[in-house]
Structures are given as C-alpha cells and as structure tokens.
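Here are the chains, one letter per residue:
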Amino acid sequence: MNTTNQDDVLQTLHHWQEAFPRKAVANSWPWELPRRLWHYLLQKNSIVEETTWAALGKSQLNKLVLALANDTYSVMGKTTFKEEFVTCGGVSLQDVDMQTMQSKVCPGLYFAGEVLDIDGITGGYNFQAAWTTAYIAGQLK
C-alpha cells in the first residue's frame, strides 16, 4: 500500500467507489493485499462481502479506513515447525555477478534478498544477506 495516512486511504477508497460502483467489495480492492487479509478486514468491520462499492455506507467506509491505516497485530510465537525459513529456490547464484548482483543472463536486471537461491533458518545471517545484496545491487558503477 503506497498510502501514508487516513486521508490518503479515504481518497483512494472514494476513487475506487467511483471507478467500480457495481463491483462487490470482496472481489475488488485498490491495493495488492492478499485476498484472505482483505476478506478478514471486511469481516472484522462487519462489511458483507456481497456489498457493492456504491452501497458501502459512510460508517462502513470509515471503519475500513481506520483498519487499513491504523490496525496493529501481534505475532504470537512461531509456526508448528518452531523455526522459520527463508524461501528456498529462486534465481541461481551461478546466474548472478556477485560483485554487482546483476544478472548474467539479462544485463541491467539486479537481484537481492530472498529472490536469490539462498535458504536457511531465518535470523541475523539471512537478514544480513538480504541487506548486503540489496546494498551491492544499489551501488552505481
């Protein structure tokens, strides 16, 4: 979400209402939020999924704005595996110039972080790998 405050969120939702008045709020939303998160936010704010954007009332719209701009969530523990892993797979390190993070296959394309074929238990080492590869990729040569 590229918006930064409640006014920006409200303005975006008003635009969405005007642009897609007949679409159901459950099937169309302005940001690249996961579907499950969007449906959770609708349910949390008592917005029926079949409601169209045009039928969304001011009160419901304001609740949605508050949820999108101000909600906080606590993470409670780890998954059943007790350790979290970075995504396995990705761009082969053999196809990347490690001095610049530029693709050897497609010049001008740079890679960093978990998009690379690096895996292991998350924590300091993987964070450092993500930060370092991003720093290297961002250097102007």
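Coordinates for the structure precede this section.
The residue count restarts for each chain, going from 1 along the sequence in the order it is written. In keeping with the model being predicted, local features are shown solely for residues with a pLDDT of at least 70 and side-chain atom pairs are shown and tallied solely at 80 or more, while totals for entire chains, interfaces and linings include all residues. Think of the side-chain values as coming from all heavy atoms in the structure, minus any hydrogens and water.

**Structural notes on the side chain of T51**
1) Next: Only DSSP runs of H or I covering at least 4 residues are called helices, and only runs of E covering at least 2 are called strands; the numbering of each starts at the N terminus. Within the secondary structure, T51 is located in the loop between α2 (35–44) and α3 (58–70).
2) Next: Under this definition, polar contacts are N or O atom pairs within 3.5 Å; protein pairs additionally need one hydrogen-donor-capable and one acceptor-capable atom, and for neighbouring residues in sequence, both atoms have to be side-chain atoms. Here the side chain of T51 touches V48 through a polar contact of 2.8 Å, landing on its backbone oxygen.
3) Next: In this analysis, two residues are considered to be in contact whenever any of their non-hydrogen atoms come within 4.5 Å of each other. When sequence neighbours within four positions are dropped, the list of residues in contact with T51 reads K23, A24, V25 and L56.

**Some thoughts on the environment of H14**
1) Next: The topology assignment puts H14 in helix α1 (residues 6–19).
2) Next: When the C-alpha positions of H14 and W53 are compared, they lie 9.0 Å apart, and in sequence the two are 39 residues distant.

**Focus on α3**
Note that an α-helix has 3.6 residues per turn; residues three or four places apart therefore point the same way.
1) Next: Expected span of a helix, by definition, is 1.5 Å for each gap between consecutive residues, and there is one gap fewer than residues. Relative to the 18 Å expected for 13 residues at 1.5 Å per residue, α3 spans 18 Å between its end C-alpha atoms, a close match to the ideal helical length.
2) Next: Looking at the buried side of α3, the elements it contacts are α1 and α2.

**Re a nonpolar patch on the surface**
1) Next: Put simply, a patch holds well-exposed residues, over 30% relative accessible area, that have no salt bridge, with like charges counted together within 9 Å and Val, Leu, Ile, Met, Phe, Trp or Tyr side chains within 5 Å. With residues, only the protein chains shown are counted as cover, and all accessible areas are computed by Shrake-Rupley using a 1.4 Å probe. In what follows, salt bridge is the name for a side-chain nitrogen of Lys or Arg lying within 4 Å of a carboxyl oxygen of Asp or Glu. Together, L37, Y40 and Y73 make up an exposed nonpolar region whose accessible area comes to about 290 Å².
2) Next: Structurally, the position occupied by Y40 is in helix α2.
3) Next: Burial classification: accessible surface area is computed with a 1.4 Å probe over protein chains only, and a residue below 20% of its type maximum counts as buried, one above 50% as exposed, and the rest as partly exposed. Judged by relative accessible area, Y40 falls into the partly exposed class, the value being 39%.

**Remarks on unusual backbone geometry**
1) Next: One non-glycine residue, S46, adopts positive backbone phi at about 55°.
2) Next: Here S46 lies in the loop between α2 and α3.
3) Next: The class of S46 is exposed, set by a relative accessible area of 55%.
4) Next: In this structure, M101 is a non-glycine residue whose phi angle is positive, near 70°.
5) Next: Looking at the secondary structure, you find M101 in the loop between β1 (96–97) and β2 (102–103).

**Observations regarding the pattern of salt bridges**
Pairs may arise between side chains of opposite charge once their charged atoms sit close together.
1) Next: If you walk through the whole model with that rule in mind, you get one salt bridge.
2) Next: Residue D71 is joined to K44 by a salt bridge in which the shortest nitrogen-to-oxygen separation is 2.5 Å. Of this pair, D71 sits in the loop between α3 and β1 while K44 sits in helix α2, and the two are 27 residues apart along the sequence.

**What about the packing of α2 against α3?**
1) Next: At a minimum axis separation of 10 Å, α2 and α3 run at an interaxial angle of 130°. What the angle tells us is that α2 and α3 run oblique. In the packing of α2 onto α3, the handedness of the crossing is right-handed. Across the interface between the two elements, W38, L41 and L42 of α2 pack against L64, A67 and L68 of α3.
2) Next: Residues were grouped as follows: Ala, Val, Leu, Ile, Met, Phe, Trp, Tyr, Cys and Pro as nonpolar; Asp, Glu, Lys and Arg as charged; and all remaining residues, including Gly, as polar. Its residues assigned to classes, the contact of α2 with α3 shows six nonpolar, no polar and no charged. Here the axes come from fitting lines to C-alpha atoms, over the contacting stretch only for helices, and the angles between their N-to-C directions go from 0 to 180 degrees. Angular relationships are summarised with four words: roughly parallel below 35 degrees, roughly antiparallel beyond 145, roughly perpendicular across 65 to 115, and oblique for the angles in between. Two helices cross in a left-handed way if the nearer one is turned anticlockwise from the farther one by less than a right angle. They cross in a right-handed way if the turn is clockwise.

The values are spatial; any link to function lies outside them.
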